[in-house]
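# Close look at the chain arrangement
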Amino acid sequence: MPNKPRNTPFRPASPDSRRSRVRKPVADELDTVEATPEKRPERGERRVASGPDKRGRHAEVAVKPERLHKLLAQSGVGSRREMEELIAAGRVTVNGDTAQIGQSATPADRIKVNGRLVNLKFFSRPPRMIIYHKPEGEIVSRDDPDHRPSVFNSLPRLSGSRWVAVGRLDFNTSGLLLFTTSGELANHLMHPRNNLVREYAVRVLGDLSAEAQQQLLQGVELDDGPAQFSTLQDAGGDGANHWYRVSLFEGRNREVRRMFEAVGVTVSRLMRVRYGPFVLPPNLRRGQVLELDEREVQKLMGELGMDVPPVARRVTPRRGK
C-alpha cells in the first residue's frame, strides 16, 4: 500500500489521516541517531559504522567531536543552558570522569547524566517535530503528584528518544502545543530573542469595556511584573459567550488569565491557536497530532539561526540496459 503524503501546518490534515490519530504512550528512554556522512574524516574524528544496506555491506561515516552541552540538548535531555548547569554541578560524566564546561564528545564516549547512560545524537537529519491539539484536563508534565492525565500519554511512541515540549499550557487551557525530539530546537522556539507570537482565543464572563481593552493593550501590573497584549480583537458573541482574540510575545504562567483578572473580567475558556509560524489546523481534533515534514523542520531551523542537518536523499538505482 503506497504511503500517504505527510500532513503539515501548510497542508491541513485530512480526517482519516493516520498521523492525526492519537498514539500510544511515549517511552522516556533516549536513543542513538545516525551520524552525518562526510567524504573523509579530519584529525580527531572517528569513523562509525552505520547499519547494513540491502546488500549486507556496512557504510562508514565520519563524526566530528561536538560540545557536550549541545549534544545533550539535541538528544532531548534538556536545553543547552540546563545542560551547562548540570555539567557545572558535576552531574555529568564522560567515560567515568566528571565532565567540564566546554568539553566535547564523540560517539565512542560513554556519557552519563545523574548516573544514567545517555546515547548521544549526532544528527544526520532534522529532528522530529509535531503539533498537538491539547484538550482541557491534561497536564504538560511527566511527573504529577496528583496523577492527572499527561499530554505525553497521547503522543506518538518513540523508539528510545523522547518528546520535549515547547512551552506549556495550563491544565484547563486547550489548543496548539508543539513538541520536538531536540531540546536545542525547543529552546530556540521558546527563547525571547526570537520574538515568536502566541495567539489565543478567549471566552470571558461579563463585559470587557473599551477602557479595559485599552488598558490591556497599554499594560497591566501583575505579581511578576508588567504585561500587555500586542493585539486584542473582538471575535463576537453575546453575554457569557463573548470571544476575543489576543496575542503576546511571551508565555508566563497563566498570564492571559491573570491579565483579564487584572481588569475585573474572568476567563471561562482559553485556547491557543497560534505559536510563531504555526497555526492550529481547523480539522485537527482535540487529542490528535500532526507531524511536520523534514524539510519544514529544516527550514524552521534555518530561520532560527541553527545548524541545519541535511534531509536524507532517496537514491533511485539505475537500471541496466
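One structure accompanies this document, and this report is about it. All of these numbers come straight from a predicted model, not from anything done at the bench. (Residues numbered from 1 in each chain as written. Predicted model: local features only at pLDDT ≥ 70, side-chain atom pairs only at ≥ 80, totals over all residues. Heavy atoms only, no water.)

### Comments concerning the nonpolar core
Test applied: Among the buried residues, those of types Ala, Val, Leu, Ile, Met, Phe, Trp, Tyr and Cys that are joined through side-chain atoms within 4.5 Å form a nonpolar core. Each residue is placed in one exposure class: buried if its accessible area under a 1.4 Å probe, protein chains only, is under 20% of its type's maximum, exposed if it is over 50%, and partly exposed if it falls in between. Secondary structure elements follow DSSP: runs of H or I of four or more residues count as helices, runs of E of two or more count as strands, with numbering from the N terminus. Throughout, a residue-residue contact means that at least one pair of heavy atoms, one from each residue, lies within 4.5 Å.
The biggest cluster of nonpolar side chains holds 34 residues, and the ones touching the most others in it are F179, V202, L208, L216, F229, V256 and F260. Secondary-structure elements contributing two or more residues to this core are β9 (129–134), β11 (174–180), β12 (198–205), α4 (210–218), β13 (220–222), β16 (242–248), α5 (255–262) and β17 (266–275). Setting aside residues no more than four positions away along its own chain, F179 makes contact with R128, M129, I130, Y132, V151, F152, L155, W163, V164, A165 and V166.

### Some details on the pairing of β12
For a regular strand, side chains alternate in direction, first toward one face of the sheet and then toward the other. Inclusion rule: A pair of strands is labelled paired if DSSP reports no fewer than 2 bridges between them.
With six of its eight residues buried, β12 lies for the most part within the structure. Sheet topology note: the β12/β17 ladder contains eight bridges and is antiparallel. Counterpart to E199 in the pairing with β17 is R274.

### Regarding unusual backbone geometry
Look at H147: it is not a glycine, yet its phi comes out positive at around 55°. Looking at the element boundaries, H147 is found in the loop between β9 and β10 (164–166). Residue classification places H147 among the exposed residues on the basis of a relative accessible area of 72%. The backbone phi angle of R254 is positive, close to 50°, even though this residue is not glycine. Following the sequence through the fold, R254 ends up in the loop between β16 and α5.

### Overview of the sheet that holds strand β7 (residues 111–113)
Pairing is antiparallel in the open sheet, where four strands are placed in the order β5-β4-β7-β8. In the strand order of this sheet, the two ends are held by β5 (97–98) and β8 (116–118), each with one partner. Sheet topology places strand β4 (residues 92–94) next to β5; two bridges connect them, and they run antiparallel. Each bridged residue has a counterpart across the sheet, and for T93 the counterpart in β5 is T98.

### Here we look at the side chain of H133
Mapping H133 onto the fold places it in strand β9. Under the relative-accessibility criterion, H133 is labelled buried at 8%. Sequence-distant contacts of H133, defined by excluding residues within four places in its chain, comprise G175, M271, L280, L284, R285, R286, G287 and Q288.

### Considerations on the layout of surface pockets
Put simply, the rule is: Every definition here rests on a 1 Å grid over the protein atoms only: cavities are sets of points where a 1.4 Å probe fits but cannot get out, pockets are open sets enclosed by protein on both sides within 12 Å along at least five of seven lines, and lining residues have some atom within 4 Å of a point. Grid points are joined across faces, edges and corners, and a volume is the space filled by probe spheres set on the points. For this classification, Asp, Glu, Lys and Arg are treated as charged, while Ala, Val, Leu, Ile, Met, Phe, Trp, Tyr, Cys and Pro are nonpolar and the rest, including Gly, are polar.
Looking at the second largest pocket, its volume works out to about 930 Å³. Considering the residues around the second largest pocket, the lining is formed by 32 residues, among which V77, G78, S79, E82 and R162 are closest to the centre. Mapped onto the lining of the second largest pocket, the elements with two or more residues apiece are α2 (80–88), β8, β10 and α3 (183–190). Partitioning the lining of the second largest pocket into residue classes produces 14 nonpolar, nine polar and nine charged.

### Focus on α3
We apply this condition: N or O atoms closer than or at 3.5 Å make up a polar contact, with two conditions inside protein: a donor-capable atom paired with an acceptor-capable one, and, for residues adjacent in sequence, both atoms drawn from side chains.
Burial of α3 is extensive: six of the eight residues sit out of reach of the surface. Inspection of α3 places G183, E184, L185, A186, H188 and L189 among the buried residues, and these make up the whole buried set. Where α3 starts, the residue carrying a side-chain oxygen 3.3 Å from the main-chain nitrogen of E184 turns out to be S182.

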